[in-house]
Structures are given as structure tokens and as C-alpha cells.
Amino acid sequence: MPVRYVPEPFRIKMVEPIRVLSRDEREEKIREADYNLFNLKGEDVFIDLLTDSGTGAMSDEQWSGIMKGDEAYAGGRSYFRLIQAAKDIFGYPFIQPVHQGRAAEKVLFSLLMGPGQVAISNMFFDTTRAHVNIAGAKAVDCVAPEALDPAVRAPFKGNMDTAGLERLIREYGREKVRLVVMTITNNSAGGQPVSVRNMREVSAICRRFGIPLCIDAARFAENAFFVKQREAEFANSPIRDIVKEIFSHADMFTMSAKKDAIVNMGGLLGIKSDEELYQRVKGNTISYEGFTTYGGLSGRDLEALAIGLHEGMDEQYLTYRIGQIEYLAGKLDDAGIAYQAPAGGHGLFIDAQALLPHIPYHQFPGQALAVELYREAGIRTCDIGSFMLGNDPETGMQLQAQFEFTRFAIPRRVYTQAHFDIMAEALISIKERAGAVPGYRIAWEPPILRHFQARLEPMGRQPGL
Ligand code: F0G
């Protein structure tokens, strides 16, 4: 049964032209970019699925908020409006705006942990992991085992493995484990949600051991929508009640507002009851971000964010948003193309290893598919696999990732049905000639976060293909 496309619950009032280059031009551009999609110019991309972060379309309400932004250095109206919105939605009394998600991580984590200590998550996002490491601590992932098999369809593949969490806390010792982080939805596992039941269990474990629980809340509204769809207890609950419930189980949150709050720049940090910690957060914010009532943002950004927080929880919008990704997934099901199933909240993570079985992990199947999608249709995606993971810092050897995904991250309120058809058609066409798709070798790489800058070369075609 084909999945029906859910119509956009908006009309388009402003447009931004995009163009598709010819196949020859695309060949030339990707060669000039050394087969690294981060090196492409945005204007040479037809459908840009590199990230869903900061790439959404703001509403007319948000744009009118931009005009009303109060740019006072201290105590601006827009600040108070944002604080009120965040307090109402999340139920936390202490809220600090910052310029984006990783700024919240930077401001908070060094206050909670240091060398020799540990933080455990259902899965850390790269920057979150980096800030745990910058604070001197070790970041340990503990995702539910069903997440590790893309073909297994389970309702909450983003969950924490609670038995594993308890085991890790006992192994490291409760005094060493300084923070537990629940990433909702679980980005690195494919935008997979976390259930309220799992939140409750993790929260109970944290309370028992006296460890604070932090939500990495970038996609909190998409997670709440999945809870409503998949967790019977919440089938009739409004999204905002589910959000309140989820946040009630944690002690603090960091948030990149560039995702579910549908702004191009912004972040938040919230603390439930530890006022002393909040004071120290304010101190770090002033040092790193700016005065507490703007936190590295313009007044107009605060205003757009206050509005976007509410818009991102609108159920009709979420039905359309998740529906777009399910529509694409349905087309891939019909074509026998594997992905992290079921469809994620912010995108579809294609199982590049299943599509390109002849390419070993050290020739980067996720990256090979990403390059091919640009060649085929001017679509820009990214590797979430061994190419992104990099080398072992001690031995310098290429690490093997648990997945070899090519991520289709879908910007919010930006692309329409025909774009989704093109995405599916491009993948189907690549599948038909999959055996001829080459792997890649690295010609040059920087020592850290190499995937943003590395230069690549295609491997020679294999004999007989
Ligand atoms: N946490 C999660 C779960 C994220 O997905 C991101 C960003 C961050 C934190 C950091 O937020 O970018 O505002 O500093 N994810 C983007 C992505 C970049 O493409 O998945 P930021």
C-alpha cells in the first residue's frame, strides 16, 4: 500500500529559487569538491538534505516577531517573552538562552564533570560527546540493542538500555558517573524516539544512584509526537502534556533550537530546581556567550524562538512533518531499499552497507552513496558511518562504525512532494547500478572531525563490474 503524502498545513508566501545543474556540471563540481559534500557550494545543490538544523522555514508569525525583537542589551522584552514560553512548555523555572545547542553543552558540562569522570547516554551526538571530552570526562553510549539492527522495526529504538545503564553505573562506580543524558529523539541512532516509560525508568535509576539526568532536547516535539502515536497511555494526550511529562523526569536540559523550534539560530538550557547550578550557568554564559538576557542571540532571534517553540508542537504540523518522511520510507519499502526502520523523526537513514555490499567500511559506503546521490540528482546528504567516525586516536587506525548510514535530514517546511519523489527515484536508480558504485579512499585528512574537511578519491572500479 503506498503511503499517502500528508498535505502541507500552510501556504507558501515567499520562495527561494533553486536550480539543478546538468549531470556533467555535477560531475565537475563533486570532483572539484574532492568528493566531500561539505565542500560544495549551496547554490550547486538542488535538494539540500545535509542537515535539518537551522535550515527550516520560519512562519509569517515568526517573521513578524523578527520586526518586534527588542535589542536592549539587558532585560529586553523579547527575553522575557522567550523565558515565559519556555517555562510554560517545559515546566522548569530556570531558563538560559544561548546561541545554539553546543553552546549550552559548553556552558553546562564543565560545571558537572571533570577528568576521570564519566557521562552515559542513550547515544551522544558528536558535539555533546565532544563537550564531555573537553570537560575531561569520558562519554559512554548505552542504546537499546534493537537500535543496532536497521531491519528490526521497534517503536522506540532510541531508548536507553536500562539494564546496561545500571551495569555501567556499578562498573564505573556511582561517584564517577556525573551525568546521564537522554537524547530525544536519538539522532545518531536514526532519529528514533524514546518512550515515556523508558524516561521514567532511567529517571528512577538516576534518582536511586543520585546522578543528575539531562535531556538533549533538540527534537523534543517530534519525540512527543511518536509517543502519542506509539505509547497507548498517551494516545489521547495533547503534545504539550506529553512534553511536560517527559521533562518532568529530568533535572536539566540542553537544546539546539535550530531543529524543533524552527529557527535558523538559537539554543536553550533549562534547570529544574538547582538554583546554585543556574547561577553558575549564568556566570559561564556571560563569559562565553554574552549577557544572560541575550545569550549570544539578537533580540529578534529570541522573539522568533519564543514563537517557534509553540509552532513546533502543533499536531497538524507534526502529522505533516513525520508524514513526509513516512511517505519517502513507503517508496523505499516498495523498492526494497533498506533504512533504519521505522522512519525517523527528522529524516531517513539509508542503510548504505545493505545497498552497496561490495564496499567495505574502510571505503566508506555511506559516503559513496552520498556522492552518488549528488551525481544522480543534485541531492546533498551526509555519511553517518565510518567516514564520520574517523580514526582511533591511539592507534591511528580507521574505526568501524556500528552503522553505515547515508542520512537524508529533512529541513522543516521547506520541500514538497515532488522533491520527495525525486529522492526516492534517485535511490532506486542508484540501486539498479549499485555494483558499479565505487568506494573511496582518503587523500588528505585533518587530525580531528575529519569528515568536514577531508579530501577523497574514488577507488578504481572493481574487475567484472
Ligand atoms: N544535540 C543533538 C541531538 C543534535 O542533533 C545537535 C545538532 C546538537 C546537539 C548540537 O546543536 O548544532 O545547535 O550546536 N545536530 C545537527 C545535525 C548539527 O545535523 O544533526 P547545534
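From a predicted model like this one, the values you see are computed outputs, not experimental measurements.

## Let's talk about the pattern of salt bridges
Next up, step 1: As enumerated under the stated definition, the model contains 29 salt bridges in all.
Next up, step 2: The partner of Glu-372 in a salt bridge is Arg-375, with the nearest N and O atoms 2.9 Å apart. One end of the pair is Glu-372 and the other is Arg-375, both in helix H14 (residues 365-377) and three residues apart, which spans about a single turn. Arg-375 matches Glu-372 in its accessibility class, with the two residues each being buried.

## Focus: the pairing of strand E12 (residues 405-409)
Regular strands show a simple pattern: their side chains alternate between the two faces of the sheet.
Next up, step 1: For E12, the buried fraction is high: five of the five residues fall into the buried class.
Next up, step 2: A two-sided burial pattern is seen for E12, the buried positions comprising Phe-405, Arg-407 and Ala-409 on one face and Thr-406 and Phe-408 on the other.
Next up, step 3: Where strand E9 (residues 347-351) meets E12, five bridges bridge the pair, whose relative direction is antiparallel. If you follow Ile-350 over to E12, its bridge partner there is Thr-406.
Next up, step 4: Of the strand pairs in this sheet, strand E11 (residues 382-384) and E12 are connected by three bridges, and their pairing is antiparallel. Pairing of Ile-384 across the sheet is with Phe-405, part of E12.

## As for the pairing of E9
Next up, step 1: Of all five residues making up E9, five are buried, and the element is well covered by its neighbours.
Next up, step 2: Burial along E9 is two-sided: the residues Gly-347, Phe-349 and Asp-351 and Leu-348 and Ile-350 are all buried.

## Examining the site of the ligand
Next up, step 1: Inspection of the region around the ligand gives 17 residues, with Thr-51, Arg-102, Ser-256, Lys-259 and Arg-407 positioned closest.
Next up, step 2: A distance of 2.7 Å is found between an oxygen atom of the ligand and a side-chain nitrogen or oxygen belonging to Gln-100.
Next up, step 3: In isolation the ligand exposes 460 Å². Once the protein is present, 94% of that is buried.
Next up, step 4: Residue assignment for the shell around the ligand shows that the elements contributing at least two residues are helix H4 (101-112) and helix H5 (126-134).
Next up, step 5: With three residues, the single largest contributor to the shell around the ligand is H4.
Next up, step 6: Its residues assigned to classes, the shell around the ligand comprises one nonpolar, nine polar and seven charged.

## What to know about the sheet that holds strand E8 (residues 267-271)
Next up, step 1: Read from one edge of the open sheet, seven strands run E2-E8-E7-E6-E5-E3-E4, paired in mixed fashion. Only two strands of the sheet have a single neighbouring strand rather than two, namely strand E2 (94-98) and strand E4 (138-141). Taken over all neighbouring pairs, the strand axes of this sheet differ in orientation by 20° on average, direction set aside.
Next up, step 2: Inspection of the sheet shows strand E5 (residues 177-183) paired to strand E6 (residues 213-216) by four bridges, in the parallel sense. Each residue of the ladder has a partner; that of Val-181, found in E6, is Cys-214.

## As for helix H8 (residues 220-230)
Since one α-helical turn is 3.6 residues long, residues separated by three or four positions face the same way.
Next up, step 1: With nine of its eleven residues buried, H8 lies for the most part within the structure.
Next up, step 2: Taken together, the buried positions of H8 are occupied by Phe-220, Ala-221, Glu-222, Asn-223, Ala-224, Phe-225, Phe-226, Val-227 and Lys-228.

## Observations regarding a nonpolar patch on the surface
Next up, step 1: On the surface, Phe-38, Ile-448, Leu-449 and Phe-452 cluster together into a nonpolar patch covering about 400 Å² of accessible area.
Next up, step 2: Tracing the chain through its elements places Ile-448 in the loop between strand E13 (440-444) and strand E14 (455-458).
Next up, step 3: The exposure class assigned to Ile-448 is exposed, which follows from its relative accessible area of 67%.

## Description of the environment of Leu-302
Next up, step 1: Checked against the element boundaries, Leu-302 lands in helix H11 (residues 299-311).
Next up, step 2: As for Leu-302 and Gly-267, which are separated by 35 residues in sequence, their C-alpha atoms are 9.5 Å apart.
Next up, step 3: The residues contacting Leu-302, other than those within four sequence positions of it, are Ser-78, Tyr-79, Leu-82, Pro-97, Thr-293, Tyr-294 and Leu-297.

## A short note on the sheet that holds E11
Next up, step 1: Taken in spatial order, the three strands make up an open sheet running E9-E12-E11, and their pairing is antiparallel. Lying at the two open borders of the sheet, with one neighbouring strand each, are E9 and E11. Neighbour-to-neighbour, the strand axes of this sheet turn through a mean angle of 35°, independent of strand direction.
Next up, step 2: Contacts between helix H12 (residues 315-335) and the sheet are confined to E9 and E12, with E9 contributing the most and set at about 25° to the helix.

## Some details on the domain arrangement of the protein
Next up, step 1: Assigned domains of the protein: these are domain 1 (23-52 + 314-458) and domain 2 (60-311).
Next up, step 2: For domain 1 and domain 2, the distance between their C-alpha centroids amounts to 26 Å.
Next up, step 3: Facing the 29 residues of domain 1 at the interface are 33 residues of domain 2.
Next up, step 4: Carbon and sulfur atoms make up 52% of the area that domain 1 and domain 2 hide from each other, which totals about 2500 Å².
Next up, step 5: Counting the contacts that link domain 1 with domain 2 gives seven salt bridges.
Next up, step 6: In this structure, Arg-219 engages Asp-52 in a salt bridge whose closest nitrogen and oxygen atoms are separated by 2.9 Å.
Next up, step 7: Our count for the contact surface shared by domain 1 and domain 2 stands at 20 residue pairs in polar contact (both at pLDDT 80 or more).

About the criteria used
Residues numbered from 1 in each chain as written. Predicted model: local features only at pLDDT ≥ 70, side-chain atom pairs only at ≥ 80, totals over all residues. Heavy atoms only, no water. Salt bridge = Lys/Arg side-chain N within 4 Å of Asp/Glu carboxyl O. Helix = DSSP H or I, 4+ residues; strand = E, 2+ residues; numbered from the N terminus. Buried < 20%, exposed > 50% of the residue type's maximum accessible area, 1.4 Å probe, protein only. Pairing = 2+ DSSP bridges. Near = heavy atom within 4 Å. Polar contact = N/O pair within 3.5 Å; in protein donor to acceptor, adjacent residues only side chain to side chain. Areas by Shrake-Rupley, 256 points an atom, 1.4 Å probe, with all protein chains shown as cover. Nonpolar A, V, L, I, M, F, W, Y, C, P; charged D, E, K, R; others polar. Axes fitted to C-alpha atoms, helices over the stretch in contact; angles between N-to-C directions. Patch = residues over 30% accessible without salt bridge, like charges linked within 9 Å, V, L, I, M, F, W, Y side chains within 5 Å. Contact = heavy atoms within 4.5 Å. Domains from an automatic or database assignment. Buried area = accessible area lost by both parts, 1.4 Å probe.

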